[in-house]
Amino acid sequence: MRGAGTVVVAAALMLLAGCAGGTDEHRDTSRHTVRQPPHATQAADTPGLPGVGPALRSRIPAGSRQVVAVYGDDARSADSTIVLYTRQGDLWKRERSWSGHNGKRGWTTDHHEGDRKSPVGVFTLSDAGGVLAEPDSRLPYHRSSAFTAPRSWSRSHWHDFDLVIAIDYNRVKGTSPLDPTRPEGQSKGGGIWLHMDHGSGTSACVSQSKADMEYLLRTLDPALHPVVVMGDRAHLKA
């Protein structure tokens, strides 16, 4: 019978594999070119979230004052633009933007484990963690060596989970991002995170540079009830 520690490690490895996308995603990705993040230099105030239509806008909790909007280039594209907005009264202020990646097969409104697509939707952001020491995170931060990517993976993936923010899709809020509990069942997938970028698409997560992860961890405030609104541009506009 395996010990409790062995079970925890095994569960963590399964979760990491699911988030990162399995064996074929861990091939050398040095041929991919990482787009330079076009950080916003000026903030703009708008009465609504740009590019987000009534279907998803209605799912943003009334108390949310921070939104991480992930604009997928196309339903089948792994490239995204990520923008952080804060709400001030009835206006949304664009704080900063950068480039990133989503699922290597694009987006879906009916995500299932192993489909390599990111789920379209609005999800709360409640917990963070990673291999690295806490970078002044406002979100509860769970540091653990269990986030370490297996060294059997391509070197380009070794630091994917140095910093992560759990996207509250099919998970239990208030727990480590490594918690394998799936309230809607295993087939609906899980372990979907904001994490560090390796230069190409993920299995379902959203990835970005280390500097951008650190910025979000320092900025996302539980008191402002942050959420992520994510999807390809066509679904976001619906």
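Our subject is the structure that appears above.
Since this is a predicted model, take the numbers as computed values, not measurements.

Chemist: Help me out: how do you make sense of the overall build of the chain in this one?
Modeler: A count of helices and strands for the chain gives four helices and 12 strands. When contacts within the chain are restricted to residue pairs at least 6 apart in sequence, long-range pairs at least 24 apart make up 67% of them. Entry remark: accessible area of the chain is about 10,700 Å², with carbon and sulfur atoms responsible for 52%.

Chemist: Help me understand the pairing of strand β7 (residues 121-130), please; the structure alone is not making it clear to me.
Modeler: A regular strand places its side chains so that they alternate between the two faces of the sheet. Most of β7 is tucked away: nine of the 10 residues are buried. With four bridges joining them, β7 and strand β12 (residues 227-232) adopt antiparallel strand pairing. When the bridges of β12 are listed, Thr-124 appears paired with Val-227. Where β7 and strand β9 (residues 164-167) come together, three bridges link them in antiparallel fashion. Its bridge partner being in β9, Ala-128 is matched across the sheet by Ile-165. Looking at chain direction, β7 and strand β8 (residues 141-143) are connected through three bridges and run parallel. Looking at β8, one finds that Gly-130 is bridged to Arg-143.

Chemist: Could you clarify how one ought to interpret the environment of Pro-50 in this entry?
Modeler: For Pro-50, the position within the fold is in the loop between β1 (45-46) and α2 (54-57). On the basis of relative accessible area, Pro-50 is assigned to the partly exposed category, the value being 32%. On a C-alpha basis, the gap between Pro-50 and Leu-236 in space is 9.5 Å, while along the polypeptide they are 186 residues apart. Each residue touching Pro-50, except ones within four places of it in the same chain, is listed here: Tyr-71 and Tyr-85.

Chemist: Whenever I open this one, the pattern of salt bridges confuses me. Can you help?
Modeler: Oppositely charged side chains may form a pair once their charged atoms are brought near each other. Evaluation of the coordinates by the stated rule reveals five salt bridges. For Asp-127, the salt bridge identified is with Arg-171, shortest N-O distance 3.2 Å. Remark: Arg-171 occurs in the loop between β9 and β10 (193-196) and Asp-127 occurs in strand β7; sequence separation between them is 44 residues. Side by side, Asp-127 and Arg-171 carry an identical accessibility label, which is buried. With a shortest N-O distance of 3.1 Å, Arg-138 and Asp-221 are connected by a salt bridge. On the criterion of sequence distance, the pair formed by Arg-138 in the loop between β7 and β8 and Asp-221 in the loop between α3 (210-219) and β12 is long-range, its members being 83 residues apart.

Chemist: How should I be thinking about the pairing of strand β2 (residues 66-72) in this particular structure?
Modeler: Across the seven residues of β2, seven count as buried, placing the element largely inside the fold. Of the two faces of β2, both are covered, the one formed by Gln-66, Val-68, Val-70 and Gly-72 as well as the one formed by Val-67, Ala-69 and Tyr-71. Where β2 and strand β3 (residues 79-88) come together, seven bridges link them in antiparallel fashion. Note that in β3 the partner of Gly-72 across the bridge is Ser-80. Hairpin connection between β2 and β3: a loop of six residues separates the two successive antiparallel strands. Looking at chain direction, β2 and β12 are connected through six bridges and run parallel. Opposite Val-70, over in β12, you have Met-230 as the bridge partner.

Chemist: Explain the nonpolar core here, please?
Modeler: Soluble globular proteins: nonpolar side chains tend toward being buried together. Counting residues in each nonpolar core, the largest one holds 42 residues, and the members touching the most others are Val-68, Ile-165, Ile-167, Leu-216 and Val-229. Secondary structure elements with two or more residues in this core: β2, β3, β4 (91-101), β7, β9, β10, α3 and β12. Per-element tally for this core: the top contributor is β2, with five residues. Discounting residues that sit within four places of it in the chain, Leu-216 has contacts with Val-68, Leu-84, Trp-98, Ile-165, Leu-194 and Gln-208. With 10 residues, the next largest nonpolar core counts Leu-16, Ala-166, Leu-178 and Cys-205 among its residues.

Chemist: Please explain the packing of aromatic side chains as it appears in this structure.
Modeler: How two aromatic rings sit relative to each other is set out by the distance from centre to centre and by the angle between their planes. The full count for this structure, using the stated rule, is five aromatic pairs. With a centroid separation of 5.3 Å and an interplanar angle of 90 degrees, the aromatic rings of Phe-161 and Trp-193 are classed as edge-to-face. Highlighted residues: Phe-161 in the loop between β8 and β9 and Trp-193 in strand β10, separated in sequence by 32 residues. Judged by its relative accessible area of 1%, Phe-161 is buried. Assessed through its relative accessible area of 1%, Trp-193 is described here as buried. Put simply, the rings of Phe-147, Trp-153, Phe-161 and Trp-193 touch in pairs and so form one group of aromatic residues. Between Arg-96 and the ring centre of Tyr-215, over which it is positioned, the NZ or CZ distance is 4.2 Å.

Parameters and conventions
- Residues numbered from 1 in each chain as written.
- Predicted model: local features only at pLDDT ≥ 70, side-chain atom pairs only at ≥ 80, totals over all residues.
- Heavy atoms only, no water.
- Helix = DSSP H or I, 4+ residues; strand = E, 2+ residues; numbered from the N terminus.
- Contact = heavy atoms within 4.5 Å.
- Areas by Shrake-Rupley, 256 points an atom, 1.4 Å probe, with all protein chains shown as cover.
- Buried < 20%, exposed > 50% of the residue type's maximum accessible area, 1.4 Å probe, protein only.
- Pairing = 2+ DSSP bridges.
- Salt bridge = Lys/Arg side-chain N within 4 Å of Asp/Glu carboxyl O.
- Core = buried A, V, L, I, M, F, W, Y, C linked by side-chain atoms within 4.5 Å.
- Phe/Tyr/Trp six-rings, centres within 6.5 Å; stacked < 30°, edge-to-face > 60°.
- Lys NZ or Arg CZ within 6 Å of the ring centre and 35° of its normal.

So yeah, pure geometry; function would need other evidence.
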